[in-house]
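# Examining the three-dimensional arrangement
In case you want the letters, here they are:
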Amino acid sequence: MTADVKNLISHLQTALGDDCLTGRKVCVALSGGMDSVVLLHVLAQLRAQQPIELSAVHVNHGISPHAADWAAFCLKICRSLDVPCQIATLPPLESAGGGLERAAREARYAVFARVDADLLCMAHHKNDRAETLLLNLFRGAGPQGLAAMPGSRCLNGKQLVRPFIDLTRSDLQAWANAQRLSWVEDESNQNLHFRRNYLRHVVLPAIGQQFPAITTVLARTAEQMQEQTTLLARLAEIDAKDCEDEHGRLRISQWALLPPIAARNVLKHRLNRAGVHIPSARRLEALVAQLVDARQDAEVFVRFGQTGCHLWRDRLWLDHAMNAPQPQAHKLSDGVIDWADGQLEVQGDAQAIARSGLVVRAVGQGQRFQPAGRCRSTVTELLREQGVPPWVRPRWPALWRDGQLCWVAGLGWGGAADDTHGLALTWMPTPDQII
Ligand SMILES: Nc1ncnc2c1ncn2[C@@H]1O[C@H](COP(=O)(O)OP(=O)(O)OP(=O)(O)O)[C@@H](O)[C@H]1O
């Protein structure tokens, strides 16, 4: 295609769904690189024709020595286009075994998931898609991985869209040159130790000598795989119907009776739908084997990257807070306190709170407690009765004074509490995620 302005704008309108754009909040994931700078400019030009609420988000990973310059550059172009820009500066990353690249990507998507927008636009293009397909092929992925980068998908209640997925890098380059745009170059894009760069600079050009249309062909394969994946997801939901409880969650003992190939498909689909990254077919196989062999009252735990999968009470529970830092003990204060498994809202007179000497701290193991009007027991037992899963109980929030337990979320005041200090405490747990 010729990359003139009109073409790119009409391409974008088609890709984003022309008639439903008006008045919507559209946010650009802006790295500062050429592709997303082009995307920002095209959307800004579209805004002149159609009322959209345009914004941008840049994630500063702090990995490159130039990270601060990139963030400053993003702020500068956004200011020049009158587009509000949010810079999300992340704490240093721990690669948790999956490599720094993956950890950075996961952290980035977590930021995107929280952005206030209807559409979150990313600037991936056909070449990115071909590279991703090959990367996934070389790590033994199935149809889901080979469907690399769908043009659009749901992300936490909004739509993640890739309006440039049918265009090539050179289409965007031509447009950027014609518009005399400037952008930042990420020096790590030249580093051949990164597998993606190796594919981009060495493997794909070599294949292209014999197969000149390789990028387009791979993108077409990805498209077909996308269709297969959609069909497999439909099949999974049909098979899942036979083993769901009244809330649509899998009864694992019934799921285990499905033919193995169908059981795997259902599990993969449900984990995917819940946003769990499945590291490899082997890990999934290990989970399937343990679940199939488990007795109905057994407890099984398998770790998938940042998520823990627990079999408990014949259901599969996901623990996304598994690696979250343990909340530290701190003095009680007025307001909302973020906790691993929810939020605690504290309302009361600031001076009375300060005088109370109360400290917020996890309940820990083996504590005994007597909630008002109930028998004294261990907190573990009391929380078990409330349906709080075993892995959550030790990190459950409580209020302490002088080392004595006074209040426990979900159980209320008791134990050493002689006075509630006029406090109103509301515990808002994160809904359980059970697939
Ligand atoms: N740090 C970031 N902040 C915001 N969005 C990002 C960031 N990194 C990547 N993205 C989004 O993801 C897309 C693909 O990322 P990738 O790492 O392939 O791009 P890039 O080479 O860094 O930059 P570009 O694609 O803009 O040239 C980008 O086009 C952009 O939309």
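The name recorded for the protein chain in an unreviewed UniProt entry is tRNA(Ile)-lysidine synthase, from Fluviibacter phosphoraccumulans. Regarding the protein chain, the relevant UniProt record gives this comment under Sequence similarities (unreviewed entry): "Belongs to the tRNA(Ile)-lysidine synthase family." Its UniProt record, at the heading Catalytic activity (unreviewed entry), says of the protein chain: "cytidine(34) in tRNA(Ile2) + L-lysine + ATP = lysidine(34) in tRNA(Ile2) + AMP + diphosphate + H(+)".

## Here we look at the UniProt feature "binding site: ATP" (unreviewed entry) in the protein chain
Mapped onto this structure's residue numbering, the UniProt feature "binding site: ATP" (unreviewed entry) falls at Ser31, Gly32, Gly33, Met34, Asp35 and Ser36. If you trace the backbone, Ser31 turns up in the loop between strand S1 (25-29) and helix H2 (34-49). Under the relative-accessibility criterion, Ser31 is labelled partly exposed at 44%. With sequence-adjacent residues up to four places away left out, Ser31 is seen in contact with Ser36, His58, Cys74 and Val184. Of note is the side chain of Ser31, whose polar atom sits 3.0 Å from the backbone nitrogen of Gly33. Mapped onto the elements of the fold, Ser36 is located in helix H2. Overall, Ser36 belongs to the buried group, its relative accessible area being 5%. Beyond its immediate stretch of four places on either side in the chain, Ser36 contacts Val28, Ala29, Leu30, Ser31 and Ala123.

## What to know about helix H3 (residues 67-81)
An ideal rise of 1.5 Å per residue puts 21 Å on 15 residues; H3 measures up with 22 Å between its terminal C-alpha atoms. All buried positions along H3 are accounted for by Ala67, Trp70, Ala71, Phe73, Cys74, Ile77, Cys78 and Leu81. An end-on view of H3 places all buried positions within 160 degrees of arc, on one side of the element. Seen from the buried face of H3, the exposed residues on the opposite side, beyond 90 degrees, are Ala68, Lys76, Arg79 and Ser80. Looking at the buried residues of H3, the elements they touch are H2, strand S2 (53-60) and strand S3 (85-89). At the exit of H3 stands Asp82, carrying a positive phi of roughly 60 degrees.

Conventions and cut-offs
Residues numbered from 1 in each chain as written. Predicted model: local features only at pLDDT ≥ 70, side-chain atom pairs only at ≥ 80, totals over all residues. Heavy atoms only, no water. UniProt positions renumbered as here; feature names shortened; annotations may be inferred. Helix = DSSP H or I, 4+ residues; strand = E, 2+ residues; numbered from the N terminus. Buried < 20%, exposed > 50% of the residue type's maximum accessible area, 1.4 Å probe, protein only. Contact = heavy atoms within 4.5 Å. Polar contact = N/O pair within 3.5 Å; in protein donor to acceptor, adjacent residues only side chain to side chain. Expected span 1.5 Å × (residues − 1). Arc of directions from axis to C-beta.

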